[in-house]
Amino acid sequence: MKSLFMTIAMAALLLTACGHRASNGSTTDVLKTDSIGMQREDTAVMVSVSAEWPIAGNAALVENIQRYISEEMATNIGDEKPKAIISADGHKVVEATFNRYQQALTTMRNEAQQAGYADGMQYSYYLHLSMMEANSRYVTYLCRAEGFTGGAHGFATSTAQSFSATTGQRIGYEANYNFEKEVQEIKNQTLFKEPLSPQLYALIKEGVRSYFQEFDESVASDEQLKDMLIGVNDVNRIPLPSAAPAFTKKGLAFIYQQYEIAPYAAGMVNFDIAYDKIRPFLTAEAQALLP
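Residues numbered from 1 in each chain as written. Predicted model: local features only at pLDDT ≥ 70, side-chain atom pairs only at ≥ 80, totals over all residues. Heavy atoms only, no water.

(A) Structural context of the overall build of the protein chain. The helix and strand inventory of the protein chain stands at seven helices and 12 strands. For 291 residues, the compact-globule estimate of 2.2 N^0.38 gives 19 Å, and the protein chain sits close to it at 20 Å. Overall size of the protein chain, expressed as C-alpha extent along the three principal axes, is 55 × 45 × 40 Å. Excluding contacts between residues fewer than 6 apart, the proportion of contacts in the protein chain whose partners are at least 24 apart in sequence is 53%. Put simply, the protein chain has 24 plus and 33 minus side-chain charges, and the middle of one group is 5 Å from the middle of the other. (Helix = DSSP H or I, 4+ residues; strand = E, 2+ residues; numbered from the N terminus. Rg over C-alpha atoms; globule rule 2.2 N^0.38 Å. Contact = heavy atoms within 4.5 Å. Lys, Arg positive; Asp, Glu negative; His and termini not counted. Charge placed at Lys NZ, Arg CZ, Asp CG, Glu CD.)

Given below as structure tokens:
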């Protein structure tokens, strides 16, 4: 299957210089957006940054999604994480992000080339934030990134964030890995009542198992499942994904990033848990988003 990044890169071949891309965006019953984007490609560097920027709707919802997009665009591409540019002006946020990526990739490639590593290699970064679903209860945004910044292979990430359509509140959590304690710490929890519940762990284990079974992998036993994973000592306590699960038509969507619980070759482990199964574990704020 052709990757999303390859599709974008092929479209960018038509460009010879930096250019803005914009369309009318989309309009739902709860939100109106404007599509804002910039991209540029040459033989050395390819950068593409775009977002469905909220421009009208519930004021709290619009403001919180604008802040979320601004924070997601403050992704570190070097050693330091940049400060997010919080603004109601989507063009300003996208342009600043594009310029930062363009400069960082050019510098990284030049340094690699001087060291004799980057001859013939195109460094790239693609970042796109889009409205995945919207209804009277919730709005879910998808953030996708792919690229190559040196090394053995490229990278890819895919995360999602859900918002209450009525209050604008983010429904999820923030996860940070404590290297000293070697555990993932979760804060600002608005999704799960008891994130360490054995019953919730059981649903996660079966969801992870179902992902590998789609590829005809033999994971019937817990020992076989453990062999498919990395950094997981107990399959009965597979940690929550670093990016909070999001609300979709199919259920609550769990997405683990590359290397998070499985080797690179396994891709991004992902699965949906039906709402009738996950409902008892959700907070009151999260349950308000359900049908």
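(B) Looking closely at the sheet that holds strand S12 (residues 270-273). One open sheet accounts for three strands, arranged S10-S11-S12; its pairing is antiparallel. Because the sheet does not close on itself, it has two edges, and the strands there are strand S10 (246-248) and S12. Neighbour to neighbour, the strand axes of the sheet diverge by 35 degrees on average, direction disregarded. Of the pairings in the sheet, the one linking S10 to strand S11 (residues 251-255) comprises three bridges and is antiparallel in character. When the bridges of S11 are listed, Phe247 appears paired with Leu252. Contacting S11 and S12, helix H4 (residues 198-213) crosses the sheet at an angle of about 130 degrees to S12. (Pairing = 2+ DSSP bridges. Axes fitted to C-alpha atoms, helices over the stretch in contact; angles between N-to-C directions.)

(C) Just the nonpolar core, in detail. In this structure, Leu31, Ile69 and Met73 are the most contacted members of the largest nonpolar core, which totals 36 residues. Listing elements by their share of this core, those giving two or more residues are strand S2 (31-41), strand S3 (45-57), helix H2 (59-72), helix H3 (90-114), strand S4 (123-134) and strand S5 (138-148). The element that contributes the greatest number of residues to this core is H3, accounting for seven residues. Not counting residues up to four positions away in its chain, the partners in contact with Leu31 are Ser26, Pro54, Ala56, Leu61, Val62, Ile65, Met131, Val139 and Tyr141. (Core = buried A, V, L, I, M, F, W, Y, C linked by side-chain atoms within 4.5 Å. Buried < 20%, exposed > 50% of the residue type's maximum accessible area, 1.4 Å probe, protein only.)

(D) Geometry of the layout of surface pockets. Considered as a void within the structure, the largest pocket measures approximately 1,800 Å³ in volume. In terms of lining residues, the largest pocket is bounded by 49 residues, among which Ala175, Asn176, Gln184, Ser242 and Ala243 are the most central. For the lining of the largest pocket, the elements supplying multiple residues, two or more each, are H2, S4, S5, strand S6 (155-164), strand S7 (170-171), strand S8 (174-178) and strand S9 (183-187). Residues that form the lining of the largest pocket fall into these classes: 24 nonpolar, 14 polar and 11 charged. (1 Å grid on protein atoms, 1.4 Å probe; cavity = no way out; pocket = protein on both sides within 12 Å on 5 of 7 lines; lining within 4 Å. Points joined across faces, edges and corners; volume = space filled by probe spheres on them. Nonpolar A, V, L, I, M, F, W, Y, C, P; charged D, E, K, R; others polar.)

(E) Inspection of a nonpolar patch on the surface at higher detail. A cluster of nonpolar side chains, contributed by Ile230, Tyr259 and Tyr264, occupies part of the molecular surface with about 270 Å² of accessible area. Note on placement: Tyr264 falls in the loop between S11 and S12. (Patch = residues over 30% accessible without salt bridge, like charges linked within 9 Å, V, L, I, M, F, W, Y side chains within 5 Å. Areas by Shrake-Rupley, 256 points an atom, 1.4 Å probe, with all protein chains shown as cover. Salt bridge = Lys/Arg side-chain N within 4 Å of Asp/Glu carboxyl O.)

(F) View of the pairing of S6. Summarising burial for S6: eight of the 10 residues are buried, a large majority. In this structure, S5 lies alongside S6, joined through 10 bridges in antiparallel fashion. Note on S6: the bridge partner recorded for Cys143 is Thr159. Here S5 folds back onto S6 in antiparallel fashion, the turn holding six residues, of which Gly150 has a positive phi close to 105 degrees. As paired strands, S6 and S7 are joined by two bridges and run antiparallel to one another. The residue bridging Ser162 from the neighbouring strand is Ile171, located in S7. Here S6 folds back onto S7 in antiparallel fashion, the turn holding five residues, of which Gly168 has a positive phi close to 80 degrees.

(G) Highlighting the side chain of Glu41. Here Glu41 is to be found in strand S2. Within the local environment of Glu41, its side chain forms a polar contact with the side chain of Gln122, the two groups lying 2.7 Å apart. (Polar contact = N/O pair within 3.5 Å; in protein donor to acceptor, adjacent residues only side chain to side chain.)

(H) Spotlight on empty space enclosed by the protein. Across all of its chains, the model carries one cavity of 30 Å³ or more by this definition. Its volume calculated, the largest cavity comes out at about 40 Å³. Secondary structure elements with two or more residues in the lining of the largest cavity: S6 and S11. At three residues, the largest contribution of residues to the lining of the largest cavity is made by S11.

(I) Examining unusual backbone geometry more closely. In this structure, Asn188 takes a positive phi of about 50 degrees despite not being glycine. Along the chain, Asn188 falls in the loop between S9 and H4. With phi around 75 degrees, Tyr259 is a residue other than glycine that occupies positive phi space. With respect to the helices, strands and loops of the structure, Tyr259 is situated in the loop between S11 and S12.

(J) Structural view of the environment of Val269. Along the chain, Val269 turns up in the loop between S11 and S12. The class for Val269 is buried, based on a relative accessible area of 1%. Along the chain, Val269 and Gly150 lie 119 residues apart, while their C-alpha atoms are 24 Å from each other. Residues in contact with Val269, not counting those within four places in the same chain, are Val208, Tyr211, Phe212, Phe254, Ile255, Tyr256, Ile261 and Ala262.

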